[in-house]
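# Structural overview
Below are the chains, spelled out letter by letter.
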Amino acid sequence: MRLRGVREVWRALGRSRVFDGLLAAGVCAADVTAALVLFPAGDPGRIPALAISAAGAAALLVRRGRPITVALVTLALDLLYVLLGLGDPATPPSTIGLYGLGRYAAGRAAWSVSAATVVMYALLSLKTMPGPLYYSSVPVLLPLLFTGTGAFFRLRSELRERRQQQVAEAAVRAERRRIARELHDVVAHHITTINVLVGAGRTTMASDPERAQEVLVTAERTAREAMTEMRQLLHVLRVEDDGEPEDHSGTGVAALPALVEQVRGAGLPVGMEVTGEAVPLPAAVDHAVYRIVQEALTNTRKHAPGARATVRLAHLPGAVEVEVLDDGLGRRSGGQQGGGFGLGGMAERVALCGGRLQTGPRPSGGFQVHARIPVPEPREPAVRVSALWSREPKENP
């Protein structure tokens, strides 16, 4: 139980943030220890060395989100370190900052900052490393090595993600081809059967009404079976992360309070507001509203830990609106995640229902997911053909 709690905390905080925090703490401890050893008590350079070491380590906390800023800050601290006569450049914070520059920043910007660092190191080497040019050129080229190492790992990660995406897309295309073939077989078989039955009913309608009624009832049953098989095939197009077909049981607007309570119990402060008079929604709209809220809250938990969220549901004339707001600063991905489909899946669901979806950062901070889905007016149920034929035939006058 204790190990499971540690894993949950690890997921909640985010592996990257925990790693960056541990890295910054380790660098700070190492630099502070080195400063205390190199600058004994009473040395005027001790306090500036400690301050520069602490500031450089603290900057590493945001090296993934702000790689260029972190690189510039750590390099500025290096420059200050040398100008104060405390030591040589290429301290651990600037080394990690240059690596993060190549790992997390765009190529042109990363190499521009790295080239400027080479120039700075070249100028500093004239003061800190007097001697032959070939001797001083070794540390001058270190920024290019550090940035290149980060760029190498970034390229390798991008290639791995691209290969995984290609494999996933190929699997999706193969599955869609299989479903298309099955749909063709189902539709061709049942439509052919219905066509034959309806033709037989039409030819026997006048001479044998009872026989025509039986034929049309069979055609109706065949059409119902075709619709059932088509729904089962189309459900395969919606697959959750665990590989199981999507289950609509327990989903819908009526289940939103339970979903909000479940998310609140998982640690995300979330409130819910409902306005307007609730009306029965079509199954597709009902499921779409639930899945949008579920996916949005999952994204908030995953990408903005510590944020607060609000779910707003409005029943309007001819439409239903759902909005999920949070005050977190986390990024959102369009890939598959959380409930299974990410922002792209939300857009597909809303588009299939004829609605509109808006997602993006809020001006006041945080993230917004807003969907408006039209609700068609209820229609009179169609009269069954078999019911028509069940009436007593009128006698000819």
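Note that the structure is predicted; figures quoted are calculated from it, not measured.

## Quick word on the overall build of the protein
Looking only at helices and strands, the protein features 13 helices and 5 strands. The burial tally for the protein puts 35% of its 397 residues in the buried class. If you take every contact in the protein between residues at least 6 apart in sequence, the share linking residues at least 24 apart comes to 69%. Within the structure as shown, the protein displays about 24,100 Å² of accessible surface, and the carbon and sulfur contribution to it stands at 60%.

## Considerations on the nonpolar core
One finds Leu256, Val289, Val293, Leu297 and Ile373 to be the most contacted residues of the largest nonpolar core, which totals 32 residues. Within the residue set of this core, elements represented by two or more residues are helix H10 (256-265), helix H11 (283-303), strand S2 (309-316), strand S3 (319-326), helix H12 (342-352) and strand S5 (367-374). Of all the elements, H11 adds the most residues to this core, at 8 residues. When neighbours within four sequence positions are excluded, Val289 is seen to be in contact with Val253, Leu256, Leu313, Val320, Val322 and Ile373.

## Structural notes on the pattern of salt bridges
Counted by the stated rule, this structure contains 6 salt bridges. Close ionic contact of Glu158 with Arg154 constitutes a salt bridge, the shortest N to O distance being 3.4 Å. Separated by 4 residues within a single helix, Glu158 and Arg154 lie in helix H8 (residues 142-204), roughly one turn from each other. Between Arg211 and Glu214 there is a salt bridge; the shortest N-O distance is 3.6 Å. Pair noted here: Arg211 and Glu214 are both in helix H9 (residues 209-235), with a separation of 3 residues, about one helical turn. Classification of Glu214 as partly exposed rests on a relative accessible area of 48%. In this structure, a network of salt bridges that share partners links the residues Glu273, Arg312 and Glu323.

## Let's talk about the sheet that holds S3
Read from one edge to the other, the open sheet built from 5 strands follows the order S1-S2-S3-S5-S4, with strand pairing classed as mixed. Of all strands in the sheet, those bounded by a partner on one side alone are strand S1 (270-275) and strand S4 (356-361). The average angle at which neighbouring strand axes cross in this sheet is 10°, direction not considered. Taken together, the 8 bridges between S2 and S3 define a ladder with antiparallel strand orientation. Among the inter-strand pairings, Ala309 is bridged to a residue of S3, identified as Asp326. Sheet strands touched by H10: S1 and S2. Its angle to S1, the strand with the most contacts, is close to 165°. Across the face of the sheet, H11 comes into contact with S1, S2, S3 and S5 while running at roughly 5° to S3.

## Focus on empty space enclosed by the protein
Using the criterion set out here, one finds 2 cavities of 30 Å³ or more in the structure. Taken as a whole, the second largest cavity encloses approximately 50 Å³ of empty space. Of all the elements in the fold, those that place two or more residues in the lining of the second largest cavity are H11, S3 and S5.

## A look at the packing of aromatic side chains
Under the criterion given, the structure shown has 2 aromatic pairs. Relative to Phe153, the ring of Tyr99 has its centre 6.3 Å away and its plane inclined at 65°; by these criteria the two rings are edge-to-face. Placement of the pair is Tyr99 in helix H5 (residues 92-104) and Phe153 in helix H8, with a sequence separation of 54 residues. Given a relative accessible area of 29%, Phe153 falls into the partly exposed group. Of the aromatic side chains, those joined through ring pairs into one cluster are Tyr99, Phe152 and Phe153.

## A look at the pairing of S5
Pairing between S3 and S5: 8 bridges, direction antiparallel. Its bridge partner lying in S5, Glu323 is registered against His370. The pairing of S4 with S5 spans 6 bridges and is antiparallel. Along S5, the bridge assignment pairs Leu357 with Ala371. The loop that links S4 with its antiparallel partner S5 comprises 5 residues; one of these, Gly365, has a positive phi angle of about 105°.

## Structural notes on the packing of H10 against H11
The interhelical angle for the contact between H10 and H11, taken along N-to-C directions, is 10°, at an axis separation of 11 Å. One way to sum up the angle between H10 and H11 is to call them roughly parallel. Along the contact surface, H10 presents Leu256, Leu259 and Val263, while H11 presents Val289, Tyr290, Val293, Gln294, Leu297 and Arg301. Counted by class, the contact of H10 with H11 contains 7 nonpolar, 1 polar and 1 charged residues.

## With respect to a nonpolar patch on the surface
Residues Trp111, Leu141 and Leu144 make up a contiguous nonpolar surface patch of about 270 Å² in total accessible area. The residue Leu141 is located in the loop between helix H7 (133-140) and H8 in this model.

## Some words on the packing of helix H3 (residues 46-59) against helix H4 (residues 67-83)
One can describe the packing of H3 onto H4 by two numbers: an axis separation of 9 Å at closest approach and a directional angle of 170°. Relative to H4, H3 is oriented roughly antiparallel. As H3 runs across H4, the sense of the crossing is left-handed. Note on element contacts: H4 touches H3 through Val70, Val73, Thr74, Leu77, Leu80 and Tyr81, opposite Ala49, Ile52, Ala55, Gly56 and Ala59. Looking at the contact of H3 with H4 residue by residue, the classes come out as 9 nonpolar, 2 polar and no charged.

## Structural notes on H11
For H11, spanning 21 residues, the distance from its first C-alpha to its last is 30 Å, which sits close to the expected 30 Å at 1.5 Å a residue. Counting buried residues along H11, 16 of its 21 residues qualify, which places the element largely inside the surrounding structure.

Rules and cut-offs
Throughout, residues of each chain are indexed from 1 in the direction in which the sequence is written. Selection of residues for local features in this predicted model requires a pLDDT of at least 70, selection of side-chain atom pairs for listing and counting requires 80 or more, and totals for whole chains, interfaces and linings are taken over all residues. To obtain the side-chain values, all non-hydrogen atoms of the structure were used and water was disregarded. Numbering of helices and strands runs from the N terminus; a helix is a DSSP stretch of H or I covering at least four residues, while a strand is a stretch of E covering at least two. Classification of residues uses two cut-offs on accessible area relative to the type maximum, computed with a 1.4 Å probe and protein chains only: under 20% is buried, over 50% is exposed, and between them is partly exposed. Whether two residues are in contact is decided by their heavy atoms, any of which lying within 4.5 Å being enough. Using a 1.4 Å probe, the Shrake-Rupley method yields the accessible areas, and only the shown protein chains count as cover for residues. Among buried residues, the Ala, Val, Leu, Ile, Met, Phe, Trp, Tyr and Cys ones that are joined through side-chain atoms within 4.5 Å form a nonpolar core. Only one rule defines a salt bridge in this text: a Lys or Arg side-chain nitrogen within 4 Å of an Asp or Glu carboxyl oxygen. Strands were regarded as paired on the criterion that DSSP finds at least two bridges between them. The axes are straight lines fitted to the C-alpha atoms, using for helices just the contacting stretch, and the angles between their N-to-C directions are given from 0 to 180°. A 1.4 Å probe that fits but cannot get out identifies a cavity on a 1 Å grid over protein atoms alone, an open set with protein on both sides within 12 Å along at least five of seven lines counts as a pocket, and a residue lines either if it has an atom within 4 Å of a point. Grid points are joined across faces, edges and corners, and a volume is the space filled by probe spheres set on the points. Stacked, tilted and edge-to-face pairs are distinguished by plane angle, under 30 degrees for stacked and over 60 for edge-to-face with tilted covering the rest, among Phe, Tyr and Trp rings (Trp via its six-membered ring) whose centres lie within 6.5 Å. Here the angle decides the label: under 35 degrees means roughly parallel, over 145 means roughly antiparallel, 65 to 115 means roughly perpendicular, and every other value means oblique. In this classification, Asp, Glu, Lys and Arg are treated as charged, Ala, Val, Leu, Ile, Met, Phe, Trp, Tyr, Cys and Pro as nonpolar, and every other residue, Gly included, as polar. Each patch is built from residues that are more than 30% exposed by relative accessible area and take part in no salt bridge. Like charges join if they lie within 9 Å; nonpolar side chains (Val, Leu, Ile, Met, Phe, Trp, Tyr) join within 5 Å. Put simply, a crossing is left-handed when the front helix is turned counterclockwise from the back one by less than a right angle, and right-handed when it is turned clockwise. Expected span, for any helix, means 1.5 Å times one less than how many residues it has.

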